[in-house]
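What follows is each chain in one-letter form.
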Amino acid sequence: MWLLLLRGAKEAGDASAGAQPPGAAVVGAALGAMDAPLPFETINFAGNELTAAGMRSIAEGMGRGRLPNLREVNAGFNPALGDGGAAALAEALADCASLEVLQFTSCGVGGAGFEAVAAVVPRWPRLRALYAVHNPGPSDALGRALAAALPSLPDAEEFWLAGS
């Protein structure tokens, strides 16, 4: 199993002013330079203070369809990730049919971000766990998408959708 662990690779600069987050840009460039398919089964972005701009950089490097063996993604504990970061990650994961676990705990994701995630839930037939807790939400769209997809998710175990 491969693991890309970014703990401690915090972003620098003022992303709110449009500055490119250097840590995320480096990771995004490194992923983009790797030959496809990327070998990762687990990607852990937790606790890196990623912003939406940073996740967009990383998502570009991940690319759609480049992670056929990806099973688990943890984007938790990045409170500035927000809707834009969740949408960018969902787009990058759209073709990851092997995805089993996705976590957005304490990421500052609201309704628009969860709408973007909800739009790709049907493309993850192996999804067994999704954590979207301690976010401003609402996660209604995500709940509806999971409920609709549940009959086609034979491995479903737990879906946690709760506001802050």
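A few points on the structure. (Residues numbered from 1 in each chain as written. Predicted model: local features only at pLDDT ≥ 70, side-chain atom pairs only at ≥ 80, totals over all residues. Heavy atoms only, no water.)

Here's the deal with helix 3 (residues 82-93)
With 12 residues, helix 3 extends 17 Å between its outermost C-alpha atoms, agreeing within 8% with the 16 Å of an ideal straight helix rising 1.5 Å per residue. All of the buried residues in helix 3 are G82, G85, A86, A88, L89, A90, A92 and L93. Considering only its buried residues, helix 3 is in contact with helix 2 (52-62), strand 3 (72-74), strand 4 (101-103) and helix 4 (111-120). (Helix = DSSP H or I, 4+ residues; strand = E, 2+ residues; numbered from the N terminus. Expected span 1.5 Å × (residues − 1). Buried < 20%, exposed > 50% of the residue type's maximum accessible area, 1.4 Å probe, protein only. Contact = heavy atoms within 4.5 Å.)

Side note on the environment of S152
Along the chain, the position of S152 falls in the loop between helix 5 (140-149) and strand 6 (158-163). The exposure class assigned to S152 is partly exposed, which follows from its relative accessible area of 47%. As for S152 and P122, which are separated by 30 residues in sequence, their C-alpha atoms are 8.4 Å apart.

Some remarks on the packing of aromatic side chains
All told, the structure shown has one aromatic pair when counted by the stated rule. Between Y131 and W160, the ring centres sit 5.7 Å apart and the planes meet at 80 degrees, which makes this aromatic pair edge-to-face. Of the two residues, Y131 is situated in strand 5 (residues 129-135) and W160 in strand 6; the sequence distance between them amounts to 29 residues. Judged by relative accessible area, which is 48%, W160 ranks as partly exposed. (Phe/Tyr/Trp six-rings, centres within 6.5 Å; stacked < 30°, edge-to-face > 60°.)

A short note on unusual backbone geometry
A cis amide bond links A36 to the next residue, P37, at an omega of 0 degrees. Within the secondary structure, P37 sits in the loop between helix 1 (22-33) and strand 2 (42-44). P138 follows G137 through a cis peptide bond whose omega is 0 degrees. Within the chain, F77 stands out as a residue other than glycine whose phi angle is a positive 60 degrees.

Brief notes about the packing of helix 2 against helix 3
Two elements in contact, helix 2 and helix 3, have axes separated by 8 Å at closest approach and are oriented at 10 degrees. In terms of axis orientation, helix 2 runs roughly parallel to helix 3. Contact residues: helix 2 offers A52, M55, R56, A59 and M62, while helix 3 offers G84, G85, A88, L89, A92 and L93. Residues belonging to the contact of helix 2 with helix 3 are distributed by class as follows: eight nonpolar, two polar and one charged. (Axes fitted to C-alpha atoms, helices over the stretch in contact; angles between N-to-C directions. Parallel < 35°, antiparallel > 145°, perpendicular 65-115°, else oblique. Nonpolar A, V, L, I, M, F, W, Y, C, P; charged D, E, K, R; others polar.)

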